[in-house]
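This is what each chain is made of:
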Amino acid sequence: MQQDKSRFKNRGNRKCKICGNVRGLISMYGMGVCRKCFRERAEKFGFKKYS
Ligand SMILES: [Zn+2]
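What you see is a predicted model; the values in this text were computed from it and never measured. (Residues numbered from 1 in each chain as written. Predicted model: local features only at pLDDT ≥ 70, side-chain atom pairs only at ≥ 80, totals over all residues.)

A. Focus on the overall build of the protein. Per the secondary structure count, the protein includes one helix and two strands. The secondary structure elements of the protein, listed N-terminal to C-terminal, are β-β-α. A sequence separation of at least 24 residues applies to 0% of the contacts in the protein between residues at least 6 apart. (Helix = DSSP H or I, 4+ residues; strand = E, 2+ residues; numbered from the N terminus. Contact = placed C-beta atoms within 7 Å.)

Shown next as structure tokens:
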């Protein structure tokens, strides 16, 4: 198993640019939004339900 915690602090404070939440951020897409906002946006982006 790998725990790459440093990855989250690589760019200082990251938080959701929509709601400002710092937890549950999704950075894999470089969108800078949390899971909650992602799911809300996902439908608009054309994604199906993100599980
Ligand atoms: Zn958010």
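B. Structural view of the environment of Cys34. Positionally, Cys34 belongs in strand 2 (residues 33–34). With 22 C-beta atoms packed within 10 Å, Cys34 lands in the buried category. (Buried ≥ 20, exposed ≤ 12 C-beta atoms within 10 Å, placed from the backbone.)

C. Broad picture of the environment of Gly20. For Gly20, the position within the fold is in the segment before strand 1 (25–26). When the C-alpha positions of Gly20 and Gly32 are compared, they lie 9.7 Å apart, and in sequence the two are 12 residues distant.

D. Looking closely at the confidence of the model for the protein. For the protein, the average pLDDT comes to 74, and 59% of its residues sit at 70 or higher. By mean pLDDT, the top-scoring element of the protein is strand 2 (88), and the lowest-scoring one is helix 1 (residues 35–45) (81). (pLDDT = per-residue confidence, 0-100.)

E. Spatial organisation of the environment of Ile18. Relative to the elements of secondary structure, Ile18 occurs in the segment before strand 1. Residues Ile18 and Cys37 lie 19 residues apart in sequence; the distance between their C-alpha atoms is 7.0 Å.

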